[in-house]
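# Residue-level structural notes
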Amino acid sequence: MMTNHGSRITQGTFSFLPDLSDEQITKQIQYCLKNGWALNVEFTDDPHPRNTYWEMWGIPMFDIKDAAAILYETNQCRKAYPSHYIRLTAFDSTRGTESVKLSFIVNRPKNEPGFRLVRQEVEGRHVRYTLQSYAADQPEGERYR
Amino acid sequence: MTEASENNIGIPARDAVAKPAPDDTPVDLEAAFRDSQVQEVLDKLDRELVGLKPVKTRIREIAALLLVDRLRRQLGLTTDTPTLHMSFTGNPGTGKTTVALRMAEILHRLGYVRQGHLVAVTRDDLVGQYIGHTAPKTKEVLKRAMGGVLFIDEAYYLYRPENERDYGQESIEILLQVMENNRDDLVVILAGYKDKMDRFFLSNPGMRSRIAHHLDFPDYAAEELMGIASLMLEQVQYRFSPQAEAAFQDYIRRRMRMPHFANARSIRNALDRARLRQANRLFARADGHLTKRDLMLLEPDDIVASRVFREGVPDEQRPDSAME
Ligand SMILES: Nc1ncnc2c1ncn2[C@@H]1O[C@H](COP(=O)(O)OP(=O)(O)OP(=O)(O)O)[C@@H](O)[C@H]1O
Ligand SMILES: [Mg+2]
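Calculation criteria
Residues numbered from 1 in each chain as written. Chains lettered and ligands numbered in written order. Predicted model: local features only at pLDDT ≥ 70, side-chain atom pairs only at ≥ 80, totals over all residues. Heavy atoms only, no water. Helix = DSSP H or I, 4+ residues; strand = E, 2+ residues; numbered from the N terminus. Buried < 20%, exposed > 50% of the residue type's maximum accessible area, 1.4 Å probe, protein only. Pairing = 2+ DSSP bridges. Axes fitted to C-alpha atoms, helices over the stretch in contact; angles between N-to-C directions. Contact = heavy atoms within 4.5 Å. Near = heavy atom within 4 Å. Polar contact = N/O pair within 3.5 Å; in protein donor to acceptor, adjacent residues only side chain to side chain. Areas by Shrake-Rupley, 256 points an atom, 1.4 Å probe, with all protein chains shown as cover. Nonpolar A, V, L, I, M, F, W, Y, C, P; charged D, E, K, R; others polar. Core = buried A, V, L, I, M, F, W, Y, C linked by side-chain atoms within 4.5 Å.

### Concerning the environment of Ile 131 of chain B
All names here are of chain B.
- Within the element layout of this structure, Ile 131 appears in the loop between helix H6 (123–126) and helix H7 (134–145).
- Look at Ile 131 and you get exposed, because its relative accessible area is 71%.
- Along the backbone, Ile 131 and Leu 298 are 167 residues apart, and their C-alpha atoms lie at a distance of 55 Å.

And the structure:
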């Protein structure tokens, strides 16, 4: 199905690759830290592509020297939300940039049913298209088990 | 979710255990020692820190242990990650913070901490003011210290038995957990006075059992303090005139007997005040013929003007009296 390629959501960097191991995640984190970016753990069970703002797990982490600290928080988040989507975002606060430089998924549910393509017929035989997540039919917190 | 190991694109695990080698595989301890460049740090320690014999010996022993541990690992022998959490006990100004900094460097060179920085904190940085404040605060500090050394000064203030609702206990519990589970990620050094620290360990056996090395920092003898003074002056390119040196020796002997004596820190403070007096002496001089030597030389006047000589009271007792 074109709306659920490989039964996996592909958002952010590396999302067409197999899941990164913790070791590979650690290397990416260390790369971000080396560039002076602040990392942030975010999670959601509403992975609609237009849902830009995921929930924050704590505040963005500044003044961190070693990747172990970020992995520690990632694991805390995984423990609390084992079948949510969890991503790391790296924020570059340099003046003039002030935006996310890297964002990648570090946890995802076992089953990802994907999205339903909804067609709405409107005046003059026009069709409007939109996506709806199958999982989002369930209330928040009950979507992926 | 796919199994993590399936996705590993060939990156070997850190400190991967090698295949067992035959028992008669030669081992070049000397070369390993040279390669680690730990000698450099140990030499610097010897050069820049006067005295502290027992501490230096312990540090050498720890370095040797870690080096052997690393060689064993390379030869495929079983090794647990050694516990490296330490306690530094001693009176004020005996060099605990200074040595902790060096320790971070040594552990970094031997590959036991990845970044080698030191985060120094006290109770206030770890313990919060209200319910729910302590855990995030303590974790914040622990995260900052990961990859390096966390130095907790006057650690015993974390534990206040007289107040059963004190949040310090919560902080201790998080520390214990991370000290155990994240042994690869950070080394914790607890510091403080010996008697208070002993009492702290008595009431926190969990903490005691996680500390592998107890280092005791002795008070300095008068000659050592003089050595420290010379070293400190050298670093800022000052020196004593011969008479001033005698005066300072006298100063040390008197100051040591007075209250609030803080070993090397008292020496540093005394030298700072001597420099202040020297500057004022130079200004007050009528002739105005100064040479470079005058700017470097401390004279007896700069020392005997101290209240230690005139009233038998340390200057620092009254901060406003530094000029007297
Ligand atoms: N053996 C030494 N040789 C040279 N300088 C020293 C020595 N010991 C301490 N000093 C100097 O004395 C000062 C105080 O040392 P430091 O801060 O390490 O003491 P401390 O034991 O941490 O004291 P406190 O318990 O009060 O925190 C520092 O400026 C340090 O450079
Ligand atoms: Mg100190």
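### Focus: the sheet that holds strand S2 (residues 55–61) of chain A
Residues and elements named next belong to chain A.
- Spatially, the four strands line up as an open sheet ordered S2-S1-S3-S4, and their pairing is antiparallel. Edge strands, defined here as strands with exactly one partner in the open sheet, are S2 and strand S4 (99–107). In this sheet, neighbouring strand axes are inclined to one another by 20 degrees on average, regardless of whether the strands run parallel or antiparallel.
- Where strand S1 (residues 38–44) and S2 come together, four bridges link them in antiparallel fashion. Counterpart to Phe 43 in the pairing with S2 is Glu 55.
- On top of the sheet, helix H1 (residues 22–34) reaches S1, strand S3 (85–92) and S4; it is set at about 165 degrees to S4, its chief contact.

### Quick look at the site of ligand 1
All names here are of chain B.
- By nearness alone, 18 residues border ligand 1, and Lys 96, Thr 97, Thr 98, Arg 265 and Arg 268 come closest of all.
- Contacts to ligand 1 include Arg 265, whose side-chain N or O atom sits 2.7 Å from an oxygen atom.
- Contact between ligand 1 and Arg 268: an oxygen atom at 2.7 Å from a side-chain N or O atom of the residue.
- Across the complex, the protein chains shield 85% of the 640 Å² of accessible surface that ligand 1 would expose by itself.
- Elements that contribute at least two residues to the shell around ligand 1 include exactly helix H5 (96–109), helix H11 (222–235) and helix H13 (263–284).
- Looking at side-chain class alone, the shell around ligand 1 contains eight nonpolar, five polar and five charged residues.

### Some remarks on the sheet that holds strand S5 (residues 213–217) of chain B
Residue and element names in this part refer to chain B.
- The sheet built from five strands is open, its strands ordered S2-S3-S4-S1-S5 with parallel pairing. A single partner strand is all that each edge strand has here, and the edge strands are strand S2 (118–121) and S5. Along the sheet, successive strands turn relative to each other by an average axial angle of 20 degrees, direction set aside.
- As paired elements, strand S1 (residues 86–90) and strand S4 (residues 187–192) share four bridges and run parallel to each other. Note that in S4 the partner of Met 86 across the bridge is Ile 189.

### A word on the nonpolar core
- In terms of nonpolar packing, the biggest core is built from 56 residues, with Ile 59, Phe 88, Leu 107, Ile 189, Phe 240, Phe 248 and Ile 303 of chain B touching the most fellow members.
- In this structure, Phe 43 of chain A together with Ala 135, Ile 172 and Phe 201 of chain B belong to the second largest nonpolar core, which totals 52 residues.

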